[in-house]
Amino acid sequence: MKSVTEIIGLQYGDEGKGKVSCYETSNAAMVIRSTGGSNAGHTVVYKGKKYALHLIPSGIVREGAISVLAPGMVIDPSELIEEIKMLRSAGIKVTPKTLMVSDRARIVMPYHRKLDLFLEKKKKKPVGTTGRGIGPAYASQAYRIGLRMFDLLKDDVVEWCKNIISQELATLPEELSRGDAYVREMAEKCKEYAEFLKPFICNTQKIVNDYIREGKKIVIEGAQAYSLDIDHGDYPFVTSSHPNASGTAAAVCIGPTNVSEVIGVIKAYTSRVGEGPFVTELKDSIGDKIRELGHEYGTTTGRPRRCGWLDLVQVKESVESNGVTALAVNHVDTIGKLAILCTCVKYVYGEEIIDYSPIDKENVYPLYYHFLGKWQISEDCHSYEDLPKEAKRYIEFIENFTGVPVRYIGIGPRDEDVIIKPLTDE
Ligand code: IMP
């Protein structure tokens, strides 16, 4: 029985996946983070409290579903421990019964972060990574030399990890591979990680398969976004995983036939952190205004996000490539504060007008469709009917352009600031 819902970012990340995932978890038995690591920053405001999560799925704040960190993740144990402590101090129950960490997930070590920054400095065109060691940790996996959560379960954890760490450090540039004392220091760190995390580490595949067999609802909280996909995004300005719908399911090892819903999440405009092409970027006062109105500063790094108009060419392509079944559009309140809105519907590429993303996206210029903004969403707006007509026109244009229904409309940061749009034939 198909029981899996995926939440996928369709732009450059930071679309508000955490909020949608938390919402979808309200009737789920399990919520899973599948790709990436602490490069993600998912913010949720639940029951009046704000949580900024980087590794644990946002759905954990609801306390009804089991949270899982999947095999496809790269996890910095020190950040995971901090996050568990933060949740506990906020009164959320985090126990080995409510949080399970795959024994197959990779470990991000301090030297991965150092290597991340080192490589950025060496590059002629830096990617603008989050500096969380994501690329180097996935590279170790590809070399088949890095540590996994499983290694923390060993009785002789220091000796066991020393062996693996010394091999791994031998592959690093000389400046970073710093002798026996450093190897021991890192292995001792693993012992500390193990002392805290051991009870959470297990074979997650068995329980995922059990839940699927029993038809229990599972939500997979995607991280990053389709345009940051290492194969399909704006390479090299991408992350090091496959945050598309297929890659997200593969990182948990859930077969495509078990996925019933792919909810694509977008903002009513576009934002990007880090370098790389951005067709609809506004480098002027309107871009600054969107940044201020939408509080567009990175949850992970605090960097100001680059802001621009909604790029529907990008969104439509993402919808089609990810098999999206419904959309969630966030920040509809924010964009309505501007007087005139532009939405990109075609690209100018050399002499041609096109409706797809060519590989050299930096040579593309936007063609816009204009909308009237200045809509006010009142405190007592609780249904689609209550939305101002200009906002509805904007939403319905997105639906018609992409060919998929909009299900969720975000009108504020809180969990309850979501409008559910009825299907048109209901
Ligand atoms: P990395 O994932 O830290 O290697 O960064 C690679 C690129 O992906 C950079 O442009 C980052 O800013 C971007 N990135 C990674 N994770 C996120 C995210 O969760 N939201 C937005 N951008 C991200």
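What you see is a predicted model; the values in this text were computed from it and never measured.

## A closer look at the site of the ligand
Stage number 1. Around the ligand, the surrounding shell holds 16 residues, and the nearest of these are D14, N39, T130, T239 and R303.
Stage number 2. Residue G128 places a main-chain N or O atom 3.4 Å away from an oxygen atom belonging to the ligand.
Stage number 3. Between a nitrogen atom of the ligand and a side-chain N or O atom of Q224, the distance comes to 3.2 Å.
Stage number 4. In isolation the ligand offers 470 Å² of accessible surface; the protein chains occlude 98% of this area.

## Quick word on the packing of helix 2 (residues 77-89) against helix 6 (residues 179-197)
Stage number 1. Put simply, helix 2 and helix 6 touch, their axes get as near as 10 Å, and they point 35 degrees apart. Helix 2 and helix 6 meet at a crossing whose hand is left-handed. Along the contact surface, helix 2 presents P77, S78, L80, I81, I84, K85 and R88, while helix 6 presents Y193, F196 and L197.
Stage number 2. When grouped by side-chain class, the residues that make up the contact of helix 2 with helix 6 number seven nonpolar, one polar and two charged.

## Brief notes about the packing of helix 3 (residues 110-122) against helix 6
Stage number 1. At their nearest, the axes of helix 3 and helix 6 sit 10 Å apart, and the two run at 120 degrees to each other. Put simply, helix 3 runs oblique to helix 6. The residues of helix 6 that touch helix 3, namely those facing P110, Y111 and K114, are Y182, M186, K189 and Y193.
Stage number 2. Its residues placed into classes, the contact of helix 3 with helix 6 shows five nonpolar, no polar and two charged.

## As for the layout of surface pockets
Stage number 1. In this model, the second largest pocket occupies a volume close to 350 Å³.
Stage number 2. If you trace the second largest pocket, you find 15 residues lining it, with I377, S378, E379, I411 and D417 closest to the centre.
Stage number 3. Classifying every residue of the lining of the second largest pocket by side-chain character gives six nonpolar, three polar and six charged.

## Structural notes on unusual backbone geometry
The phi angle of most residues is negative, glycine excepted, and most peptide bonds adopt the trans form.
Stage number 1. Each neighbour pair has its own omega, and for Y235 with P236 the value is 10 degrees, a cis peptide bond.
Stage number 2. Tracing the backbone through its elements, the reader meets P236 in the loop between strand 10 (218-221) and helix 8 (245-252).
Stage number 3. With phi around 50 degrees, H295 is a residue other than glycine that occupies positive phi space.
Stage number 4. According to the relative accessible area criterion, H295 is exposed, its value standing at 63%.
Stage number 5. The phi dihedral of K374 falls on the positive side, at around 55 degrees, and the residue is not glycine.
Stage number 6. One can find K374 in the loop between strand 18 (364-372) and helix 12 (389-402).

## Some points on the packing of aromatic side chains
Stage number 1. Applying the stated criterion across every chain, the model contains 10 aromatic pairs.
Stage number 2. For the pair Y23 and Y408, a centre-to-centre distance of 5.3 Å together with 65 degrees between the ring planes defines the contact as edge-to-face. You can see Y23 sitting in helix 1 (residues 17-24) and its partner Y408 sitting in strand 19 (residues 406-410), a full 385 residues away along the chain.
Stage number 3. Taking the relative accessible area as the measure of exposure, Y408 reaches 7% and is therefore buried.
Stage number 4. When the ring of Y111 is compared with that of Y182, the centres are 6.5 Å apart and the planes differ by 65 degrees; the resulting orientation is edge-to-face. In this pair, Y111 sits in helix 3 while Y182 sits in helix 6, placing the two residues 71 residues apart along the sequence.
Stage number 5. Residue Y111 is classed as buried on the basis of its relative accessible area of 1%.
Stage number 6. Aromatic ring contacts, followed pair by pair, group Y369, F371, W375, Y394, F397 and F401 into a single cluster.
Stage number 7. The ring of Y211 carries the charged tip of K216 above its face, separated from the ring centre by 4.3 Å.

Criteria and cut-off values
Residues numbered from 1 in each chain as written. Predicted model: local features only at pLDDT ≥ 70, side-chain atom pairs only at ≥ 80, totals over all residues. Heavy atoms only, no water. Near = heavy atom within 4 Å. Polar contact = N/O pair within 3.5 Å; in protein donor to acceptor, adjacent residues only side chain to side chain. Areas by Shrake-Rupley, 256 points an atom, 1.4 Å probe, with all protein chains shown as cover. Axes fitted to C-alpha atoms, helices over the stretch in contact; angles between N-to-C directions. Helix = DSSP H or I, 4+ residues; strand = E, 2+ residues; numbered from the N terminus. Left-handed = near helix turned anticlockwise from the far one by under 90°. Contact = heavy atoms within 4.5 Å. Nonpolar A, V, L, I, M, F, W, Y, C, P; charged D, E, K, R; others polar. Parallel < 35°, antiparallel > 145°, perpendicular 65-115°, else oblique. 1 Å grid on protein atoms, 1.4 Å probe; cavity = no way out; pocket = protein on both sides within 12 Å on 5 of 7 lines; lining within 4 Å. Points joined across faces, edges and corners; volume = space filled by probe spheres on them. Buried < 20%, exposed > 50% of the residue type's maximum accessible area, 1.4 Å probe, protein only. Phe/Tyr/Trp six-rings, centres within 6.5 Å; stacked < 30°, edge-to-face > 60°. Lys NZ or Arg CZ within 6 Å of the ring centre and 35° of its normal.

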